[in-house]
Amino acid sequence: MTELHPVLRSLLRTKFNSELKTPLNVDTYRALMNDFTRIVAYSNDGISLVTELKLAPDGLPAFNLKIYDADPPSLKPVLVYFHGGNWISGSLKTCDSICTTLAEGSGYTVISVDYALAPEHHFPVPLYQGLAVLNWIKKQGCYFGIDKEKIVVGGDNAGGNIAAGLVHLINQTREYKLLGQLLVCPALHYQFDTPSYNIYEKGYFISKELMKLCWATYLGNPGEAFNESASPLLVFDVDHVPPTLIYTAEHDPLRYEAELYAAVLQEQGIKLSFQRFKGTTHYFWQMDAILDTARKAHQEAIKWLISVNKQNS
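Residues numbered from 1 in each chain as written. Predicted model: local features only at pLDDT ≥ 70, side-chain atom pairs only at ≥ 80, totals over all residues. Heavy atoms only, no water.

S.K.: Break down the nonpolar core for me, with residues and values.
M.R.: Within the largest apolar cluster, 110 residues are counted, with the highest numbers of intra-cluster contacts made by Val-80, Ile-111, Ile-137 and Trp-285. When residues in this core are grouped by element, the largest group, eight residues, is from helix 5 (residues 158-173). Setting aside chain neighbours within four positions, we find Ile-111 in contact with Leu-65, Lys-66, Ile-67, Val-78, Leu-79, Val-80, Tyr-81, Val-133, Trp-136, Ile-137 and Ile-146. (Core = buried A, V, L, I, M, F, W, Y, C linked by side-chain atoms within 4.5 Å. Buried < 20%, exposed > 50% of the residue type's maximum accessible area, 1.4 Å probe, protein only. Helix = DSSP H or I, 4+ residues; strand = E, 2+ residues; numbered from the N terminus. Contact = heavy atoms within 4.5 Å.)

S.K.: How would you sum up the pattern of salt bridges? Please name residues and give values.
M.R.: Opposite charge on two side chains makes pairing possible when the charged atoms of those side chains draw close. If you walk through the whole model with that rule in mind, you get eight salt bridges. Two residues, Arg-30 and Glu-120, come together in a salt bridge whose shortest N-O distance is 2.8 Å. One end of the pair, Arg-30, is in helix 2 (residues 26-40); the other, Glu-120, is in the loop between strand 4 (109-114) and helix 4 (125-140), and 90 residues separate them in sequence. The partner of Asp-69 in a salt bridge is Lys-76, with the nearest N and O atoms 3.0 Å apart. Accessibility assignment for this pair places Asp-69 and Lys-76 in one class, buried. Residues joined in a network through salt bridges with shared partners are Lys-15, Asp-35 and Arg-38. (Salt bridge = Lys/Arg side-chain N within 4 Å of Asp/Glu carboxyl O.)

S.K.: Describe helix 4, naming the residues involved and giving the relevant values.
M.R.: Under the 1.5 Å per step criterion, the end-to-end length of helix 4 is 22 Å for 16 residues, consistent within 8% with the ideal 22 Å. Regarding helix 4, the residues found buried are Val-125, Pro-126, Leu-127, Gln-129, Gly-130, Leu-131, Ala-132, Val-133, Leu-134, Trp-136 and Ile-137. (Expected span 1.5 Å × (residues − 1).)

S.K.: So what's going on with the sheet that holds strand 3 (residues 76-82)? Residues and values would help.
M.R.: Read across the open sheet, the eight strands follow the order 1-2-4-3-5-6-7-8; overall the sheet is mixed. The two strands at the open ends of the sheet, each matched to only one other strand, are strand 1 (50-55) and strand 8 (272-281). Within this sheet the neighbouring strands show an average axis-to-axis angle of 20 degrees, counted without direction. In the packing of helix 8 (residues 255-267) onto the sheet, contacts are made with strand 6 (180-184), strand 7 (244-251) and strand 8, and the angle to strand 7 comes to roughly 150 degrees. (Pairing = 2+ DSSP bridges. Axes fitted to C-alpha atoms, helices over the stretch in contact; angles between N-to-C directions.)

S.K.: Describe in detail the packing of aromatic side chains, supporting the description with residues and values.
M.R.: Under the definition given, this model contains 17 aromatic pairs. Consider the rings of Trp-87 and Trp-215, whose centres lie 4.6 Å apart with planes at 55 degrees: the pair is tilted. Of the two residues, Trp-87 sits in the loop between strand 3 and helix 3 (96-106) while Trp-215 sits in helix 7 (residues 208-219), which places them 128 residues apart along the sequence. With centroids separated by 5.1 Å and ring planes inclined at 50 degrees, the aromatic side chains of Trp-136 and Phe-144 adopt a geometry described as tilted. Here the two residues Trp-136 and Phe-144 agree in accessibility, since each one is buried. Of the aromatic side chains, those joined through ring pairs into one cluster are Trp-87, Phe-123, Tyr-190, Phe-192, Tyr-197, Trp-215, Tyr-218 and Phe-226. Residue placement shows Lys-138 over the ring face of Tyr-176; its charged tip is 5.7 Å from the ring centre. (Phe/Tyr/Trp six-rings, centres within 6.5 Å; stacked < 30°, edge-to-face > 60°. Lys NZ or Arg CZ within 6 Å of the ring centre and 35° of its normal.)

S.K.: Lay out helix 3 with the relevant residues and their values.
M.R.: Burial within helix 3 is extensive, with nine of its 11 residues counted as buried. On its buried face, helix 3 sits against strand 2 (63-68), strand 3, strand 4 and helix 9 (292-311). A positive phi of about 80 degrees marks Gly-107, the residue just after helix 3.

By themselves, these figures tell us nothing about what the structure is for.
The following block contains the structure:
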């Protein structure tokens, strides 16, 4: 086991590592995560071409999109990005720095999705909102400089769960062939007895108790826990999964399930880029203002995005 990065060791001594009491106070948690983002992430104003719009699909809650670097004169691949926040928090603001960096470096248009949060809405609403985004790209993307044939889905934490679940939902509809998926410290299985959950049960920003609460809040109906779109690790045949990038953090309760998913993909011949970032915790991906490892991870992700696009050009 590698020692924690000194920056993370210091941050773990702050209020952001405090154990939340049950029942979970969602408003308090959302405020805490907003404060966390203001401290650890850059505030970016670099991209001049940023568009915000609202989608209101039939039968779903209306939600907002933020489109980075949309350039109508030239068609670009697109990354559809779902923010983290354990399904109950997060927003377009909390992943703004990440989306800005990826758009600036990769040559992709990035669409950030402000999907419906729990407990106001439950699974599978965010997945169908993601599908609505893909339908919008298919019909309207060209007006924003988006190549509808080159779509990558991605996200961190709960956003990685939604992205991975969306890949399997798309397979059922058979309407899209994706360019890739990008998953950072994703939650991929409703299971809390894995080796990493046991080692990092508490004290590393997220805990076993917190994740149990967040999963229950998101699912609403406990019977959905073993739906393959909620727990993508349960999918047996992954032939439909596009080339995939998976990042894990060494000191993260979610590490084992993400690394097991990586192994499943690799065993079934899916093109995989995988990296475990030593000395890091959950949320490291967001910490580009204070953590050199986060900035390195962003640059490596940019290289992967460029490579995936070149391989399919």
